[in-house]
Every structure is written in C-alpha cells, then in structure tokens.
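# Geometric and topological summary
One-letter residues, chain by chain:
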Amino acid sequence: YQTNGDNRRIRHSMEQLEKDWAELDSSIEGHDEAHPIHAMHRDGHCHEAVMWYVHHLTKDVRELFAVTGIGIPMLSPKRHSCPTDATDGHAKVCQAYEEQVTCASCHSKTLAV
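Here we summarise the structure given alongside this text. (Residues numbered from 1 in each chain as written. Predicted model: local features only at pLDDT ≥ 70, side-chain atom pairs only at ≥ 80, totals over all residues. Heavy atoms only, no water.)

Right, let's get into the state of the cysteines. Scanning all chains against the criterion turns up one disulfide. Each sulfur of the disulfide joining Cys82 and Cys94 lies 2.0 Å from the other. The sign of the 80 degrees torsion about the S-S bond sets the Cys82-Cys94 disulfide as right-handed. Of this pair, Cys82 sits in the loop between helix H3 (59-68) and helix H4 (88-100) while Cys94 is found in helix H4, placing the two residues 12 residues apart along the sequence. (Disulfide = S-S within 2.5 Å. Helix = DSSP H or I, 4+ residues; strand = E, 2+ residues; numbered from the N terminus.)

Here is the structure:
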C-alpha cells in the first residue's frame, strides 16, 4: 500500500499520528459530550481502526485478537456531516473524518447515511 500511494496506506509515522490525534482531541475538549462533533470524532477513529485491522494485520495477528478477546469496533452506519456551528478546531476533526471513512465508499453498496 505504501509504495503505490494506495488510500489504505498508513500515511504518517506513529509519532506523527499520535501528535495528530492529540490535536484532534484538544480541538473538541470542553464541548458538551452531546455535541455531534464527538460522535464524528469517535466514528472516524473506528473506521481507521477497522481499516488497519483488515489491511495491515496478518491473519495470525487477527486470530490472536480473536482468541484473546480483543474487540474490534463496530462501524456506525451514520454518515456524519460537519456541524453547522463548527469551529476551526471542529473543521480539523471533520477533515480527518472524511479521510478516515473513505473505506465505506468501496466496501459497501451504499454510503453510510
């Protein structure tokens, strides 16, 4: 995936990913947990985790997950839109979400709604 620029590639180093995740987390801190940006943020990470599980772990590792009881998140059928009251920080979460859910375009007959 890395060499041909495939969308399933891991785009950054672990250090950069952790930095990006921390920035996204801080973008939504202090907002009411009921605000839709929190669900968008969570669901984007779930899509990303499932994509990595499917495309970047070997069968042996996936089987190890299964026997040790490590759960894999379920994907939300909801397709989120950036909230109308989005701040600049929220816009970063919205952009990350759009990049994280591209798998739904190929792996489902319809886009999540």
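So, next bit.
Turning next to the nonpolar core. Core analysis: the largest hydrophobic core is formed by nine residues, namely Leu24, Ile28, Ile37, Met40, Val93, Cys94, Ala96, Tyr97 and Val101. Looking at this core, the elements that each hand over two or more residues are helix H1 (14-28), helix H2 (36-56) and H4. Per-element tally for this core: the top contributor is H4, with four residues. Not counting chain neighbours up to four residues away, the residues in contact with Leu24 comprise His41, Lys92, Val93 and Ala96. (Core = buried A, V, L, I, M, F, W, Y, C linked by side-chain atoms within 4.5 Å. Buried < 20%, exposed > 50% of the residue type's maximum accessible area, 1.4 Å probe, protein only. Contact = heavy atoms within 4.5 Å.)

Moving on, we get to the packing of H1 against H2. It is at 10 Å that the axes of H1 and H2 come closest, and there the two elements cross at 160 degrees. Put simply, H1 runs roughly antiparallel to H2. Here H1 and H2 pass one another in a crossing that is left-handed. Contact residues: Leu17, Trp21, Leu24, Asp25 and Ile28 in H1; Ile37, His38, His41, His45, Glu48 and Trp52 in H2. Class assignment of the residues belonging to the contact of H1 with H2 gives a composition of six nonpolar, three polar and two charged. (Axes fitted to C-alpha atoms, helices over the stretch in contact; angles between N-to-C directions. Parallel < 35°, antiparallel > 145°, perpendicular 65-115°, else oblique. Left-handed = near helix turned anticlockwise from the far one by under 90°. Nonpolar A, V, L, I, M, F, W, Y, C, P; charged D, E, K, R; others polar.)

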